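This is what each chain is made of:
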Amino acid sequence: MPNDEFMRAAIREAETGMRAGRGGPFGCVIVRRGEIVARGHNRVTSTNDPTAHAEVTAIRAACATLGTFQLPDCELYTSCEPCPMCLAAIYWARLPQVYYGNTRADAAAIGFDDDFIYRQIPLPPEQRAIPMASLLREEAQVAFREWTQLPAKIRY
């Protein structure tokens, strides 16, 4: 069940990071069993890291705190609907529930428009705006074949 106080904490993260000059107006908290276990805000410009979005920084912090790479018993509260990269990170982290404040349209209205990326994803690689082509696939397959035989692998 959503909790307004957790969303307010995510919004405060957005305001804190933005006002400190660390990045855009985006914040996130991750909650487990009714307790905030991680916080994150956008740090793209302050770290020169285009992946340092609020959700990604919060997921990294939660995983480090909890000692795991999956968060199936947590909820994510974010001040804005996740971009494609953050959405993928949420799926990889196995977060079962996301609550967001602002919408993608709200973000686009202030200059954070990720609709272009959403439209690129379903295109075949050769039709995307950034040229993509397979190269040395047979050589790359060696590691994949080895992975299938690795007895001590940790699936994710």
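Residues numbered from 1 in each chain as written. Predicted model: local features only at pLDDT ≥ 70, side-chain atom pairs only at ≥ 80, totals over all residues. Heavy atoms only, no water.

K.L.:
Please clarify how the packing of aromatic side chains should be interpreted in this entry.
P.N.:
The description of an aromatic ring pair rests on the distance of the ring centres and on the angle between the ring planes. Overall, the coordinates contain 5 aromatic pairs when judged by the stated rule. Aromatic pair tryptophan 92 and tyrosine 156: ring centres 6.2 Å apart, planes at 55°, arrangement tilted. Highlighted residues: tryptophan 92 in helix 4 (residues 84-92) and tyrosine 156 in the segment after helix 7 (137-149), separated in sequence by 64 residues. Across the pair, exposure class does not vary: tryptophan 92 and tyrosine 156 are exposed alike. Here the aromatic cluster, defined as three or more aromatic residues joined through ring pairs, consists of Phe6, Tyr77 and Tyr99. Lying across the ring of tyrosine 118, arginine 104 places its NZ or CZ 3.7 Å from the centre. Residue placement shows lysine 153 over the ring face of tryptophan 147; its charged tip is 5.6 Å from the ring centre. (Phe/Tyr/Trp six-rings, centres within 6.5 Å; stacked < 30°, edge-to-face > 60°. Helix = DSSP H or I, 4+ residues; strand = E, 2+ residues; numbered from the N terminus. Buried < 20%, exposed > 50% of the residue type's maximum accessible area, 1.4 Å probe, protein only. Lys NZ or Arg CZ within 6 Å of the ring centre and 35° of its normal.)

K.L.:
In this structure, what is going on with the pattern of salt bridges? I would like to understand it.
P.N.:
Pairing is possible between side chains that carry opposite charge, provided their charged atoms lie close to one another. Applying the stated criterion across every chain yields a total of 8 salt bridges. The partner of arginine 32 in a salt bridge is aspartate 73, with the nearest N and O atoms 2.8 Å apart. With arginine 32 in strand 1 (residues 27-32) and aspartate 73 in the loop between helix 3 (54-66) and strand 3 (74-80), this pair connects stretches of sequence that are 41 residues apart. Look at arginine 32 and you get partly exposed, because its relative accessible area is 24%. With a relative accessible area of 35%, aspartate 73 lands in the partly exposed category. Each of Arg32, Arg33 and Asp73 takes part in salt bridges that share partners, so that together they form one network. (Salt bridge = Lys/Arg side-chain N within 4 Å of Asp/Glu carboxyl O.)

K.L.:
So what exactly am I meant to see when it comes to the pairing of strand 1 here?
P.N.:
Consecutive residues of a regular strand have side chains that alternate between opposite faces of the sheet. Among the 6 residues in strand 1, 5 count as buried, and that is most of the element. Taken together, strand 1 and the strand that follows it, strand 2 (residues 35-41), pair antiparallel across an intervening segment of 2 residues, in which arginine 33 is found at a positive phi of about 50°. With 5 bridges joining them, strand 1 and strand 3 adopt antiparallel strand pairing. Counterpart to arginine 32 in the pairing with strand 3 is cysteine 74. (Pairing = 2+ DSSP bridges.)

K.L.:
It is not clear to me how the nonpolar core should be interpreted in this structure. Could you clarify?
P.N.:
For soluble globular proteins, nonpolar side chains are generally found buried alongside one another. Judged by nonpolar contacts, the single largest core of 18 residues is most densely connected at Ile30, Ile59, Ala62, Leu71, Leu76 and Leu95. Counting only elements with at least two residues in this core, the list comes to strand 1, strand 2, helix 3 and strand 3. With 5 residues, the single largest contributor to this core is helix 3. Apart from residues no more than four positions distant in its own chain, isoleucine 59 is found in contact with Ile30, Leu71, Leu76, Ala89, Ile90, Ala93 and Leu95. If you look at the next biggest cluster of nonpolar residues, it comprises 8 residues, including Met7, Val29, Tyr77 and Tyr99. (Core = buried A, V, L, I, M, F, W, Y, C linked by side-chain atoms within 4.5 Å. Contact = heavy atoms within 4.5 Å.)

Shape is all these values report; function is a separate question.
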